[in-house]
Amino acid sequence: AEAAAFRLRSGAPVVEGSEVEVRISDAELEGARYEALVLAAGRGDGLYRVRYSCLHASAHADETLKEWVQPAAEDELRPPPPPPPFPKRLASGLVAIVTVRLEVG
């Protein structure tokens with residue numbers, strides 16, 4: 001029998017191109033979540049191929065890790081959190097150009 005398509009809590013199906021967070025179940029990283037892009041979905045066995053955005057296979061790898069995941073619980077794959085409000089984004093990377101005038105005298 002074919003496995004049912006996995007759905008996010010919102011009810012949206014996980015499809016190729018979905019941005020998700022994957023909860024890791026390996027002992028060393030158990031409970032940690034990493035952003036990933038779904039590369040393949042809809043297999044009959046319930047596996048999803050993902051590419052993590054910042055998790056590498058080794059310290060020497062330039063490419064990010066790709067792996068097959070099989071979510072067993074609804075919180076193992078979830079949508080990424082919404083972006084922070086504007087002031088926090090400004091503090092975390094946007095550059096503001098400021099003109100400073102120095103008057104001597």
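For the structure itself, consult the block above.
Here goes a summary of the coordinates provided. Quantities reported herein were computed from a predicted structural model and do not represent experimental measurements. Residue positions are given per chain, counted from 1 along the sequence in the order it is written. The model is predicted, so local features are restricted to residues of pLDDT at least 70 and side-chain atom pairs to those at 80 or more, both for listing and for counting; the totals for chains, interfaces and linings are taken over all residues. As a convention, hydrogens and water are excluded, and side-chain values are obtained from all of the structure's heavy atoms.

## Remarks on the pattern of salt bridges
Right, on to step 1. Salt-bridge detection follows one rule: a side-chain nitrogen of Lys or Arg within 4 Å of a carboxyl oxygen of Asp or Glu. What the rule picks out here adds up to two salt bridges.
Right, on to step 2. A salt bridge links Glu21 to Arg78; its shortest N-O distance comes to 2.7 Å. Here the residue Glu21 occupies a position in strand β1 (residues 19–23), and Arg78 occupies one in strand β5 (residues 77–78), the gap between them amounting to 57 residues.
Right, on to step 3. Only protein chains enter the accessibility calculation, which uses a 1.4 Å probe. A residue is then buried if its area is under 20% of the maximum for its type, exposed if over 50%, and partly exposed in between. For Glu21, a relative accessible area of 9% puts it in the buried group.
Right, on to step 4. The exposure class assigned to Arg78 is partly exposed, which follows from its relative accessible area of 33%.
Right, on to step 5. Among the ionic pairs, Glu76 bridges to Arg23, the shortest N-O distance being 3.2 Å. Of this pair, Glu76 sits in the loop between β4 (64–69) and β5 while Arg23 sits in strand β1, and the two are 53 residues apart along the sequence.
Right, on to step 6. The buried category is assigned to Glu76, whose relative accessible area is 18%.
Right, on to step 7. Judged by relative accessible area, which is 29%, Arg23 ranks as partly exposed. Under the DSSP-based scheme used, a helix requires at least four consecutive residues in state H or I and a strand at least two consecutive residues in state E, with every element numbered from the N terminus.

## What about the side chain of Thr64?
Right, on to step 1. By the element assignment, Thr64 lies in strand β4.
Right, on to step 2. Of the residues examined, Thr64 reaches a relative accessible area of 18% and is grouped as buried.
Right, on to step 3. Here a polar contact means two N or O atoms within 3.5 Å. Within protein one must be a hydrogen donor candidate and the other an acceptor candidate, and residues neighboring in sequence count only if both atoms are side-chain atoms. Among the polar contacts made by the side chain of Thr64, one reaches the main-chain carbonyl oxygen of Tyr52 at a distance of 2.9 Å.
Right, on to step 4. In what follows, a contact means two residues having at least one pair of non-hydrogen atoms within 4.5 Å. Excluding anything up to four places from it in sequence, Thr64 contacts Arg51, Tyr52, Ser53, Cys54, Leu55 and His56.

## Looking at the pairing of strand β3 (residues 48–56)
Both faces of the sheet carry side chains from a regular strand, because those side chains alternate between them.
Right, on to step 1. Pairing between strands is defined by DSSP: at least two bridges between the two strands are required. Across four bridges, the pairing between strand β2 (residues 33–40) and β3 is antiparallel. Directly across from Ala40, in β3, lies its bridge partner Arg49.
Right, on to step 2. Sheet topology places β3 next to β4; five bridges connect them, and they run antiparallel. Among the inter-strand pairings, Tyr48 is bridged to a residue of β4, identified as Val69.

## Digging into the nonpolar core
Right, on to step 1. By convention a nonpolar core is built from buried Ala, Val, Leu, Ile, Met, Phe, Trp, Tyr and Cys residues, the set being connected through side-chain atoms within 4.5 Å. If you look at the biggest cluster of nonpolar residues, it comprises 14 residues, and the most contacted ones within it are Val22, Val50 and Tyr52.
Right, on to step 2. If you list the elements that add at least two residues to this core, you get β1, β2 and β3.
Right, on to step 3. No other element matches β3, which puts four residues into this core.
Right, on to step 4. Residue contacts for Tyr52: discarding those within four places in its chain leaves Val22, Ile24, Tyr34, Glu35, Ala36, Thr64, Leu65, Glu67 and Val69.

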